[in-house]
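Given next are the chains, with one letter for each unit.
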Amino acid sequence: MRDGDRRLGRRALLVGGAAAGVGTVALARQELAHLWWRLPGVEKPRVEGAVDFRGAQWVAASSANLRRADRPDDYGIDRVVIHVTQGGYRSAVKVFQDPAHGAAAHYIVRKDGHVTQMVRELDVAFHAGNREYNERSVGVEHEGFVERASSFTDAMYEASARLTAGICGRYGIPVDREHIIGHVEVPGTDHTDPGPHWDWDRYMRLVRSARTAGAQRAQGA
Ligand SMILES: [Zn+2]
């Protein structure tokens, strides 16, 4: 435990300045949860090929492009980050499977609305280029190009909205633009996705209605 205590101290110090607004108690609890996760043999059981979004196809990303974790117990999830792949679906899958790529997102939404999951939501995917944002978010890629309005199809918007609504429902994430953000809005990024052709008003409207429908289903309405 000595090593764990030292780690807690250092991390608390590092986090201290940036954590204005986060209560000390909440922070301590988060750190304890994190330490608990670091003990061997206590991570959640995993089922090979399982997905977090019903209907998604599982294709595993290289383990080099993610960090195994136990979210939301070790890190709370309060953001969904929207990306655009700058390429086709197949090349996105391929690079996320490549251990040399150093990045992967949890999901890729294809032009035709097909959803592929490549990293479990409990794990930290390297998609935001920002450690803290990776730890707190789920990353959703969309096939296409930021500069091409035609990349973003009706089927894609609808499938992605259902996916994001499900993520928001699972972790109690508010459906608003503070919590559903573009990669471009991640602090320190030089990425511009999803770009000017991504219709945020339309997307948020779709997420909101999918979230309402999901909540009603959960209540048996
Ligand atoms: Zn991105």
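The rules behind these values
- By convention here, each chain's residues receive numbers from 1 onward along its written sequence.
- Owing to the predicted nature of the model, reporting of local features is limited to residues with pLDDT of at least 70; listing and counting of side-chain atom pairs is limited to 80 or more, with chain, interface and lining totals taken over all residues.
- The helix and strand labels rest on DSSP assignments: H or I over at least four residues marks a helix, E over at least two residues marks a strand, and numbering proceeds from the N terminus.
- Contact between two residues is assigned whenever their backbone-derived C-beta positions fall within 7 Å.
- The burial criterion counts other C-beta atoms lying within 10 Å of a residue's C-beta, which is placed from the backbone; the residue is buried at 20 or more, exposed at 12 or fewer, and partly exposed between these limits.
- Strand pairing requires that DSSP identify at least two bridges connecting the strands.
- Angular values range over 0 to 180 degrees, each being the angle between N-to-C directions of two axes fitted as lines to C-alpha atoms, with helices fitted over their stretch in contact.

**Student:** Sorry if this is basic, but what is going on with the environment of glycine 144 here?
**Tutor:** Its place among the elements puts glycine 144 in the loop between β7 (137-142) and α5 (154-171). Sequence-wise, glycine 144 and valine 84 are 60 residues apart; in three dimensions their C-alpha atoms are separated by 6.1 Å. Those residues in contact with glycine 144 that lie beyond four places of it in its chain are Val84, Thr85, Lys111, Ser151 and Phe152.

**Student:** Sorry, what's going on with the pairing of β7 here?
**Tutor:** Remark: a regular strand shows side chains that alternate across the two faces of the sheet. Most of β7 is tucked away, with six of its six residues classed as buried. Residues Ser137, Gly139 and Glu141 point to one face of β7 and Val138, Val140 and His142 to the other, with burial holding for every one of them. Pairing of strand β3 (residues 79-84) with β7, which is carried by six bridges, proceeds in the parallel orientation. The residue of β7 that forms the bridge with isoleucine 82 is valine 140.

**Student:** What is the right way to read the sheet that holds strand β8 (residues 180-182) from this model?
**Tutor:** One key point about sheets: their strands pair by backbone hydrogen bonds, in either a parallel or an antiparallel sense. Strand order across the open sheet formed by six strands is β1-β5-β4-β7-β3-β8, with mixed pairing between neighbours. The open sheet terminates on both sides in strands that have one partner only, identified here as β1 (57-58) and β8. Of the strands in this sheet, β3, β4 (107-109), β5 (115-117), β7 and β8 touch α5, which is tilted by about 175 degrees from β7.

**Student:** Even after reading the chapter, I still don't get the environment of glutamate 141, so can you show me in this structure?
**Tutor:** Considering the arrangement of structural elements, one finds glutamate 141 in strand β7. Overall, glutamate 141 belongs to the buried group, with 31 C-beta atoms counted inside 10 Å. Residues glutamate 141 and glutamine 86, 55 residues apart in the sequence, show an inter-C-alpha distance of 9.7 Å. Residues contacting glutamate 141, with those up to four places away along its chain left out, are His83, Thr85, Ala92, Ala105, Tyr107, Ile108 and Val109.

Interpretation note: all reported values are geometric properties and have no functional meaning in isolation.
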